[in-house]
Amino acid sequence: GKFNKGEEDRIFLENLSKRLNDPDAEPEVWAENVRFLKFEITIEEPQLVLPAHYRSMSFLSLDIDQVRVSNYFSNLDELDPLTTTPTYRKQFYNNCTVLAPSISITSVTASSKNTLTTSPVSLTCSINWPLGDVVSRVVPRWKITLVLDSITSLVRRDDYKVLRDIIYDNIMEETRNMSEWIELLNKREDDEDYIDRDAFVLYGYDIKNGTPTTYDFTVNVNKFNVLFVDNEGGANCEVRGDFFVWSYSKDKDMRTCMKVESGGICLRQKSGNKELGGFEDLIEPIENDEATQDKANDDRKINDINDLIDLNQNTPQLLYTSNSKPDGSNVKTLFIYEARIYMVLEAWRDVKNFFTGLPPTDILTVEQAKSVVTINHDFFRTNPNMTPVVPPPCETPPPTKFTPFQFRLVLINAKIILPSDFSITAGPDVQGVSLKCDCDFLYTKLDNEGGQETDLFVNDLELFTGPAKSKIRLKEKSSLLEPLSFRLKKFKQGHRSSLVVDCEVVRARAKYTDMSLAVDVGLQLMSDLKSDGNEQQQDEEMSNEPPAPSHDKSEVKMNCSGVSLLVVDNSERHFSGSQELVKLELGGLEYVNSSNKSDDAENTKLTLRKIEMIDYLQPMESPFRLAACSYENLFEEGMEEETSDGDEGRLRWEEFVVQKDQEWGYGAVSPISLIEAAPTTSNLITLTKSSTSDSNNIDLKCQEIAFQWNPNTVIALQRFLGRLKKEATGKIGEKENELNLKRSKSFNQLPPGSPAISPSPSATALSDAGGGVDAKRTVASITLSSLGVCLNKEHEGRRLLRCGLSSIVLNLRDEGLKGKSVSAVIGGFVATDPSANLLDENREVVKQEGKEGELIVIEY
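Everything numeric here is computed off the predicted structure, so don't read it as measured data. Each chain carries its own residue numbering, running from 1 in the direction its sequence is written. With pLDDT at 70 or above as the cut-off, local features in this predicted model cover only qualifying residues; side-chain atom pairs require 80 or more to be listed or tallied, and sums for whole chains, interfaces and linings still use all residues. The basis for every side-chain value is the complete set of non-hydrogen atoms in the structure, without hydrogens or water.

Caption draft 1: Geometry of the overall build of the protein. Helix and strand counts for the protein stand at eleven helices and 40 strands. Exposed residues in this analysis have more than 50% of their type's maximum accessible area, buried residues have under 20%, and partly exposed residues fall in between, with area computed by a 1.4 Å probe over protein chains only. Looking at the protein as a whole, 37% of its 860 residues qualify as buried. Considering only intrachain contacts with a sequence separation of at least 6, the fraction spanning at least 24 residues in the protein is 67%. The protein chains shown are the only cover counted for residues, whose accessible areas, like all others here, come from Shrake-Rupley with a 1.4 Å probe. Of the roughly 49,500 Å² of accessible surface on the protein, a fraction of 54% belongs to carbon and sulfur atoms. Numbering of helices and strands starts at the N terminus; helices are DSSP runs of H or I of at least 4 residues and strands are runs of E of at least 2. Contacts are residue-level and defined by heavy atoms, with any inter-residue pair within 4.5 Å sufficient.

Here is the structure:
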């Protein structure tokens, strides 16, 4: 029944028009061989057992007070799949309803039992299937929907394992005759007319020699609250939400899809650790008064990912999908909308450890299963010595066929909060840094040897500081970072790897109080990452896996349209309020690095096209306002600040969001360099470095650079940076003492016989070890066209002295034990008095005479 889409739409409109003109009209074709059977069934106190596997002693038991089953029939006008041209037919359906007003759920393993539900659950189940002669061609053939009322549950780690095993080893179990199905597919590819009834397969619970069934199985929970605890009863985390929908479907092309939707999700850590007790909530929904005002922009971005979201329904807070093909290809997606995510890394690590590292399903062998009997819903072994056996992994597993895999993560209007202090003593007013952004991330597996491709697009990233628990809408004017978008594309396969980054102009504000808070947040984050790194290092040391192979050829390209940084002193120590000091602008940054480890070669190039510094302590019309620049009009009387279009050079969501591939999965968008698209100008600074196995060559070229020395501004900057450095140094020392105290406590708590932690080799030991080895030859060359400086007394409105150096060349050569040499040449020097009341012939304080190009020559 495959027709052209346009033809199907035309037939549909024709049928609709006929119904509007004649509501009593019937379709031309009716379903045949239809049998109607009306039934009503009542079962008292049944028990439903859902095993993890048909040879496993782990299962879920549903104890039901009463079950009532009844049905009714319905019909729909659908396209007739038996005709060569689109024709509507009358198709009948049997609709079965199962009601169970009171259910108690128990998890049973070989060693324990646990009641999951704290109160009875009400269940309504609807089953829909077609009747007649074309039931095998109606997709999906079975529609099963389970609706559960509010659930409050306590789940142990073993209970979660049972539930996971039921889904993967029971509901999603592959056919036990997959070899027959593969044989059939291969023969069909060779001969389209080939029909072998013995080659049809038992797929899931279908009838052998019949067409594999299609279905849509959905579980809908109105409200839920689940507490996860370890097997000893210690609480780990709590998850609650407004609704939960889980569905699993199989289409006619043998493709399956698992889908999870939820709203009002709140994840709360229950570790009881006082050091993390200040932030129990790890995920919570954004409230209405905190949501973004630009709702139209959010709707537009959601419309661009319509392959994930049903635009006709309310947008869920969380959506997870997993699509699979018979050959094992899999595409997973995770969508999160309007959620607050607290980055308490240690708590997240505890939650992750609860759900990972689970042992495989305890499946009995056929011989072991024969020695097990069931009495009163309990398992007993006739031979107690027989236990479930998990076959040991092969030392050299056979090569597996590559199966494509993709994972996509989409965040819309998400807020990520980095608190400065996690402890319960921090109080409700603890400060933090909040990141607000939209994100689209795609991971693609390329082979079984570690080949992968990663594509990341971050749109409208903003940075805020303030109370970490505040739920007030963030205002764009208070953002430390104007909306920023950038793309990152990473590739590695075989012995090649590459990284490409494209970024808009980074416009940021650096306030003193914000920088001080950023130090606190950074230290807290580094402490957590260092703790996580120590655990990973211990895991790597205990594992016998060889290290991942290094990539022989690698390439890195980074393009940034520019950086604009405004420095603000709001410490109120030297100014009565908040005072803007300087604004530093860099334009056209580009970094390229390529290396080849096979011949130990590496080439690096860094370019900068423009530099400017604006002194905000000077009036707009002041000639001292432009403190530094890369062109010759630095000392002109007055200046006008350039204004740029806010949309110029922007990375837009609709242009760079990941697009769905027509065949399968997703296809990434190729990176576009914003610098290459910008007008080409000469580079102000060009740094190149080339390395080989025995030498390093460095070349730095600078064009004209000039700056003004405004004493008041210099003093203000010195105070700003000095206070910030002093405060950061003190905080770093306190954090190091805290970490050392934790290390000493953990070291004292190690059990006897634990391997000692070997200290890392000191720098002195490394230098002593390599003292007798001849180092690489290093050759460096620095060329500066001109360097100008003007010494001012800006508070008096006058300039004191203008100095200029030209044609500066510096060469350095280091050949290790063979010696070092330095040579420098200054081509010209001039110093003038720019006072207004002097004659031109009296302005020159220092004048160069003689041969130009070699005023000063230094050789060492």
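Picking up after the structure, the text goes on.
Caption draft 2: Region of interest: a nonpolar patch on the surface. Two distance rules govern patches: like charges are joined within 9 Å, and nonpolar side chains (Val, Leu, Ile, Met, Phe, Trp, Tyr) within 5 Å, applied only to residues with over 30% relative accessible area and no salt bridge. One side-chain nitrogen of Lys or Arg within 4 Å of one carboxyl oxygen of Asp or Glu is enough to make a salt bridge. Nonpolar side chains collect at one region of the surface, where Ile782, Leu812, Val822 and Tyr860 lie side by side and expose about 370 Å² of accessible area between them. Mapped onto the fold, Leu812 is located in strand β37 (residues 798-814).

Caption draft 3: Up close: helix α2 (residues 157-171). The first and last C-alpha atoms of α2 sit 20 Å apart over 15 residues, in line with the 21 Å expected at 1.5 Å per residue. Residues Asp159, Lys161, Val162, Asp165, Ile166, Ile167 and Asn170 constitute the buried set of α2. Buried residues along α2 sit in contact with β3 (47-51), β4 (59-64), β6 (88-108), β7 (113-115), β10 (151-156) and β14 (243-250). Here a helix's expected span is defined as the number of its residues, less one, multiplied by 1.5 Å.

Caption draft 4: Representation of a negative patch on the surface. On the surface, a cluster of negative charge is made up of Glu44, Glu45, Asp63 and Asp65. Its location among the elements puts Asp65 in the loop between β4 and β5 (66-79). In this tally, Lys and Arg are treated as positive and Asp and Glu as negative; His is ignored, and so are the chain termini. Every charge is mapped to an atom, namely NZ of Lys, CZ of Arg, CG of Asp or CD of Glu.

Caption draft 5: Highlighting the pattern of salt bridges. Counted by the stated rule, this structure contains 20 salt bridges. A salt bridge links Asp159 to Arg156; its shortest N-O distance comes to 2.8 Å. We note that Asp159, like Arg156, is buried. Across the pair Asp455 and Lys489 runs a salt bridge whose closest N-O atoms are separated by 3.6 Å. With Asp455 in strand β25 (residues 452-467) and Lys489 in strand β26 (residues 481-493), this pair connects stretches of sequence that are 34 residues apart. On the basis of relative accessibility, which here comes to 2%, the residue Asp455 falls in the buried class. When salt bridges with common partners are traced through the structure, they connect Glu453, Asp455, Arg487 and Lys489 into a single cluster.

Caption draft 6: Spotlight on the pairing of strand β36 (residues 777-793). Judged from the 14 bridges that link them, strand β35 (residues 695-709) and β36 form a sheet pairing that is parallel. Looking at β36, one finds that Glu704 is bridged to Ser786. By the convention used here, strands pair only if DSSP detects at least 2 bridges between them. Of the pairings in the sheet, the one linking β36 to β37 comprises 15 bridges and is antiparallel in character. The residue of β37 that forms the bridge with Thr778 is Asp814. Between β36 and β37, which pair antiparallel and follow one another directly, the connecting turn spans four residues, one of which, Gly797, has a positive phi of 75°.

Caption draft 7: Geometry of unusual backbone geometry. At the junction of Val139 and Pro140, the peptide bond is cis and its omega measures out at -5° in the coordinates. Checked against the element boundaries, Pro140 lands in the loop between β8 (121-131) and β9 (142-148). The phi dihedral of Ser807 falls on the positive side, at around 50°, and the residue is not glycine. Locating Ser807 in the fold gives a position in strand β37.

Caption draft 8: Structural context of the environment of Thr117. Considering the arrangement of structural elements, one finds Thr117 in the loop between β7 and β8. Measuring from C-alpha to C-alpha, the distance between Thr117 and Ile105 comes to 5.8 Å, with twelve residues separating the pair along the chain. Those residues in contact with Thr117 that sit more than four places away from it in its chain are Ile103, Ser104, Ile105, Thr152 and Ser153. Of the polar contacts made by the side chain of Thr117, one reaches the backbone nitrogen of Ile105; its length is 3.3 Å. Each polar contact in these results corresponds to two N or O atoms within 3.5 Å; when the atoms are within protein, one needs to be able to donate a hydrogen and the other to accept it, and residues that are neighboring in sequence are counted only if both atoms are side-chain atoms.

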